[in-house]
Amino acid sequence: QVQLVESGGGLVQAGGSLRLSCAASGRIVSVRATGWYRQAPGKQRELVAAITRGGSTNYADSAKGRFTISRDNAKNTVYLQMNSLKPEDTAVYYCNADLMDCELKYRGYWGQGTRVAVSS
């Protein structure tokens, strides 16, 4: 079974930056897409950024121009560089991977989340 572990969250002042990392372990057969989601209290989990197998990226409107998703396939790691952070970015950020594991079926995997708090 594949496991995802996020890191890099923390407390930062508005205008600051953070880089989140998501490292995958286990036997991965194929990756269809990976991404970052976030969930604030009382709100639905929402997509922040995603990157497909072919390298295409997709961003939430609120993240465009400020956040950058990237992936290092050799390290089985996906990153989210967050710049110009705003208090509205405060949330728990989750890594997601749509991948095929040893059971040879695509499944959605989630990390435990890393908390990002942006103070004004």
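The present account deals with the structure reproduced in this document. Since the structure is predicted, the reported quantities are computational estimates derived from the model, not experimental observations. (Residues numbered from 1 in each chain as written. Predicted model: local features only at pLDDT ≥ 70, side-chain atom pairs only at ≥ 80, totals over all residues. Heavy atoms only, no water.)

Here aspartate 98 shows up in strand S9 (residues 91-100). Among the polar contacts made by the side chain of aspartate 98, one reaches the side chain of arginine 32 at a distance of 2.8 Å. With near-sequence residues (within four places) excluded, aspartate 98 lies in contact with Val31, Arg32, Ala33, Tyr106 and Arg107. (Helix = DSSP H or I, 4+ residues; strand = E, 2+ residues; numbered from the N terminus. Polar contact = N/O pair within 3.5 Å; in protein donor to acceptor, adjacent residues only side chain to side chain. Contact = heavy atoms within 4.5 Å.)

If you walk through the whole model with that rule in mind, you get seven salt bridges. The residue arginine 38 makes a salt bridge to aspartate 89 at a minimum N-O spacing of 3.0 Å. Placement of the pair is arginine 38 in strand S4 (residues 30-39) and aspartate 89 in the loop between strand S8 (77-82) and S9, with a sequence separation of 51 residues. Arginine 38 sits in the buried class, given a relative accessible area of 6%. For aspartate 89, a relative accessible area of 1% corresponds to the buried category. Note that glutamate 103 is salt-bridged to arginine 107, the shortest N-O span being 2.2 Å. Linked through salt bridges whose partners overlap, the residues forming this network are Arg38, Glu46, Arg66 and Asp89. (Salt bridge = Lys/Arg side-chain N within 4 Å of Asp/Glu carboxyl O. Buried < 20%, exposed > 50% of the residue type's maximum accessible area, 1.4 Å probe, protein only.)

This paragraph deals with unusual backbone geometry. With glycine set apart, most residues show a phi of negative sign, and most peptide bonds adopt trans. Phi at asparagine 76 takes a positive value of approximately 50°, unusual for a residue other than glycine. Asparagine 76 gets classed as partly exposed once you look at its relative accessible area, which sits at 37%.

Applying the stated criterion to the full structure yields one disulfide. For the unlinked cysteine cysteine 102, the closest cysteine sulfur is that of cysteine 22, found at 18 Å. (Disulfide = S-S within 2.5 Å.)

Attention now moves to the sheet that holds S8. Ordered in space as S1-S3-S8-S7, the four strands form an open sheet in which the pairing is antiparallel. Looking along the sheet, the strands with just one partner apiece sit at the ends: strand S1 (3-7) and strand S7 (67-72). If you compare each strand with its neighbour and ignore which way they point, the axes differ by 15° on average. Direction of pairing for S1 relative to strand S3 (residues 18-25): antiparallel, over a ladder of five bridges. (Pairing = 2+ DSSP bridges. Axes fitted to C-alpha atoms, helices over the stretch in contact; angles between N-to-C directions.)

Here the focus is the packing of aromatic side chains. Across all of its chains, the model carries one aromatic pair by this definition. Seen from their ring centres, tyrosine 37 and tryptophan 110 are 5.0 Å apart, and the 65° between their planes marks the pair as edge-to-face. Of the two residues, tyrosine 37 is situated in strand S4 and tryptophan 110 in strand S10 (residues 106-110); the sequence distance between them amounts to 73 residues. For tyrosine 37, a relative accessible area of 22% corresponds to the partly exposed category. You can call tryptophan 110 partly exposed: its relative accessible area is 38%. Above the face of the tyrosine 106 ring, arginine 32 is positioned so that its terminal group lies 4.0 Å from the ring centre. (Phe/Tyr/Trp six-rings, centres within 6.5 Å; stacked < 30°, edge-to-face > 60°. Lys NZ or Arg CZ within 6 Å of the ring centre and 35° of its normal.)

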